[in-house]
Amino acid sequence: MDPAATIESTPTARVKMEVFGCQMNVVDAELVLGRFKGLNYGETDRYEDADVVVFNTCSVRGHAEDKVFSRLGALRPWKKERPGRVVAVMGCMAQREATDIRRRMPHVDVVAGTRDFPKLAGLVDRVRGGEGPFLVIDGEERPDIERSPTSRPRPFQAYVTIMRGCNRPCTYCIVPTVRGREISRPVDEIVDEVKGLVDDGVIEVCLLGQTVNAYDGQDRGRTTLGTLLRALDRVDGLRRLRFVTSHPSEFNDDTWAAMAESSKLDRFLHMPIQSGSDRMLKAMRRGYTVDKYRRIVDRVREVLPDMGIGCDWIVGFPGETEEDHEASLRICEEIGFSQSFVFKYSPRPGTKAAEEHADDVPTDVKKRRNRELLAVQERVSLAAHRATVGETMQVLFEAKSRLDDSKWSGRNPQHRIVVAADERIRPGTIADVRIEDATALTLFGDVVALR
Ligand code: SF4
């Protein structure tokens, strides 16, 4: 449907979008809101003002799915209250549970899977015109959608999805099933999108993909993530660039070289290890050993010595012993990660791990292991942060500090949170900040110069 063709005929309606899950969902939500905007729909934060509610869902943990079902159930009275209201569901859970969603929640009007979400706004509009319900989950391989440069949470920052799907076989993960195989966008298309964003005031871009360093620009063998980094390095006005999430086995020499050459690349690499035990890594089919991971970190630090490395962990994977867990604690300390996200294993129906192994680590043990890993990370972060006291670093300020609104909060190139007070700071200001104090979560400093 051509959005422009309907602007005149579509009555104004307001959309409440709720996002569950990862950053890719946040971007997809922005893209869909852009499409709604093209249909002359507005946006609202309040359910009571909304004519349309869209849930962009996540399937990574069972808890996330339960929450969506319960929230969808709670929308029944909301929908009854005003005739013509529309409920739509998109994202991984829409792909995986489409028929179940319609069976359990018949008041849901549109279910659009991970390759069909670009159609969602048009389908909602047709429901408001009296058609539907619609359930679409068999879409084309590559979801093309025009980005509306104005639909993003902060005017100076943007996430750009450069690839979708995943070809890897991690036994616990539902992503390859719900998102399909890897498919990259061409380099030129991404560069054009970034130029458009920069023209619209963006200075920082984060490139997104489930295994972002497997990017091949639909030209495997000749194009790598390195090719894209070099092309984006030439975009005038773009000041900061980063990419998430990297898989340790997907780097290549060209990408390392481009990372070293880049004048815009942040010093932060999110590269999940998941466990410090080779036995667990094998059971998860992660495709590397702890020693191989260590060697990749050495390579990162050889190329870019000041690189901060962020990490994901799974605690309580089936069969995980105290010995395996202690190996995770040791490698967390040894590598000195700059941040860790710890997840308690949750079996996902349809995954190899759920089908072949009992979820045999008790919840209280998972919780304790979670706490212990975070405690190591806190110690490591505190030591690293204290070592920066006295240093001057470049900070991109994002918003008022949540704890003290006389101060501003931003990120340094290692993606660490820096808080400072200076009346010249605005959202999007880049400044040199001298660090005066530090906790495990935050650096505190004074602005010495604006950039
Ligand atoms: S690399 Fe593994 S964990 Fe990450 S999305 Fe692919 S299958 Fe899932």
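Residues numbered from 1 in each chain as written. Predicted model: local features only at pLDDT ≥ 70, side-chain atom pairs only at ≥ 80, totals over all residues. Heavy atoms only, no water.

## Topic: the site of the ligand
Formally: Being near a molecule or strand, for a residue, means having at least one of its heavy atoms within 4 Å of it. Polarity classes work like this: nonpolar for Ala, Val, Leu, Ile, Met, Phe, Trp, Tyr, Cys and Pro, charged for Asp, Glu, Lys and Arg, and polar for all others, with Gly in that last group.
Within the structure, the ligand sits among Cys-166, Arg-168, Cys-170, Tyr-172, Cys-173, Val-175, Pro-176, Thr-211, His-247 and Arg-286. Its residues assigned to classes, the shell around the ligand shows six nonpolar, two polar and two charged.

## Observations regarding the domain arrangement of the protein
The following threshold applies: Annotation comment: domain bounds sourced from an automatic or database domain assignment. Here the quantity called buried area is the accessible surface, traced with a 1.4 Å probe, that two parts lose on coming together, added over both. The working definition used for a salt bridge is a side-chain nitrogen of Lys or Arg within 4 Å of a carboxyl oxygen of Asp or Glu. Any pair of N or O atoms that falls within 3.5 Å is considered a polar contact. Within protein, one atom must be able to donate a hydrogen and the other to accept it, and sequence-neighbouring residues count only if both atoms are side-chain atoms. By the criteria applied, helices consist of DSSP H or I runs no shorter than four residues and strands consist of E runs no shorter than two, each listed in order from the N terminus.
Taken domain by domain, the protein holds domain 1 (3-136), domain 2 (157-386) and domain 3 (392-450). For domain 1 versus domain 2, the separation of C-alpha centres amounts to 29 Å. For the pair domain 1 and domain 2, the summed buried surface comes to about 1600 Å²; carbon and sulfur atoms form 56% of the total. For domain 1, the biggest contributors to the area lost against domain 2 are Met-24, Arg-61 and Arg-96; these three give 37% of the whole. Joining domain 1 to domain 2, the criterion identifies three salt bridges. Ionic pairing is found between Arg-348 and Glu-65, a salt bridge with its closest N-O pair at 3.0 Å. Run the count over domain 1 and domain 2 and you get seven residue pairs in polar contact (both at pLDDT 80 or more). Where the side of domain 1 that touches domain 2 is concerned, the elements lending two or more residues are helix H2 (23-38), helix H3 (62-81) and helix H4 (92-104). The element that contributes the greatest number of residues to the side of domain 1 that touches domain 2 is H2, accounting for six residues. In the side of domain 1 that touches domain 2, the residues fall into six nonpolar, six polar and five charged.

## What to know about the pattern of salt bridges
All chains considered together, the criterion is met by 45 salt bridges. Asp-432 serves as the salt-bridge partner of Arg-451, at 3.0 Å between the closest nitrogen and oxygen. Highlighted residues: Arg-451 in the segment after strand E19 (442-450) and Asp-432 in strand E18 (residues 430-438), separated in sequence by 19 residues. Here the salt bridges do not stand alone but share partners, grouping Glu-320, Glu-322, Arg-368, Arg-369 and Glu-372 into one network.

## Here we look at the nonpolar core
Cut-off, in case you're wondering: Here, the term nonpolar core denotes a set of buried Ala, Val, Leu, Ile, Met, Phe, Trp, Tyr and Cys residues that are joined through side-chain atoms within 4.5 Å. Buried, partly exposed and exposed residues are distinguished by accessible area as a fraction of the type maximum, computed with a 1.4 Å probe on protein chains only: under 20%, between the cut-offs, and over 50%, respectively. Contact definition: two residues touch when any of their heavy atoms are within 4.5 Å.
In terms of nonpolar packing, the biggest core is built from 56 residues, with Ile-162, Leu-207, Phe-243, Met-259 and Tyr-293 touching the most fellow members. Among residues more than four places away in sequence, those in contact with Ile-162 are Ser-184, Arg-185, Ile-190, Leu-207, Leu-208, Val-212, Tyr-215, Leu-225 and Leu-228.

## Digging into helix H5 (residues 120-128)
Summarising burial for H5: seven of the nine residues are buried, a large majority. Burial in H5 covers these residues: Leu-120, Ala-121, Gly-122, Leu-123, Val-124, Asp-125 and Val-127. Buried residues in H5 make contact with H2, strand E3 (52-57), strand E4 (86-91), strand E5 (110-112) and strand E6 (134-136). With its phi angle positive at about 105°, Gly-130 sits one or two positions after the end of H5.

## A word on the packing of helix H11 (residues 290-303) against helix H12 (residues 322-335)
Basically, it comes down to this: Structural elements are reduced to axes, namely lines fitted to C-alpha atoms, with helices fitted over the stretch in contact, and the angle between N-to-C directions of any two is expressed from 0 to 180 degrees. Here roughly perpendicular refers to angles of 65 to 115 degrees, roughly parallel to angles under 35, roughly antiparallel to angles over 145, and oblique to all remaining angles.
Running from amino to carboxyl end, H11 crosses H12 at an angle of 10°, the nearest separation of the two axes being 12 Å. Classified by the angle between their axes, H11 and H12 sit roughly parallel to one another. Of H12, the residues touching H11 (which contributes Val-290, Tyr-293, Arg-294, Val-297 and Arg-301) are Ile-331, Glu-334 and Ile-335.

## A closer look at the sheet that holds strand E12 (residues 268-270)
Cut-off, in case you're wondering: A pair of strands is considered paired only if DSSP assigns at least 2 bridges between the two.
Spatially, E12-E13-E14 is the arrangement adopted by the three strands of the open sheet, whose pairing is parallel. The open sheet has two edge strands, E12 and strand E14 (339-344), and neither has a second partner. This sheet shows a mean twist of 15° between the axes of neighbouring strands, independent of strand direction. With six bridges joining them, strand E13 (residues 308-315) and E14 adopt parallel strand pairing. Looking at E14, one finds that Gly-310 is bridged to Gln-339. Sheet strands touched by helix H14 (residues 363-386): E13 and E14. Its angle to E14, the strand with the most contacts, is close to 180°.

## A short note on H11
Selection criterion: Expected helix span is given by 1.5 Å per residue-to-residue step, counting one fewer step than there are residues. Directions from the helix axis toward the C-beta atoms define the arc.
With 14 residues, H11 should cover 20 Å at 1.5 Å per step; its first-to-last C-alpha distance of 20 Å lies within 8% of that length. Every buried residue belonging to H11 is among Val-290, Tyr-293, Ile-296, Val-297, Val-300 and Val-303, and all of these are buried. All buried residues of H11 project into a common sector of 145° when viewed along the axis, lining one side. Summarising the geometry of H11, the exposed residues directed more than 90 degrees from the buried face are Arg-295 and Glu-302.

## A closer look at the pairing of E4
Cut-off, in case you're wondering: Whether a crossover is right-handed comes down to one check: with the strands pointing away from the viewer, does the path from the first strand over the helix to the second run clockwise; if it does, it is right-handed.
Judged by how many residues are buried, E4 sits mostly within the fold: six of six residues are covered. Here E4 shows two buried faces, one formed by Val-86, Ala-88 and Met-90 and the other by Val-87, Val-89 and Gly-91. Of the strand pairs in this sheet, E3 and E4 are connected by six bridges, and their pairing is parallel. The residue of E4 that forms the bridge with Phe-55 is Val-89. For the handedness criterion, the β-α-β arrangement of E3, H3 and E4 is classed as right-handed.

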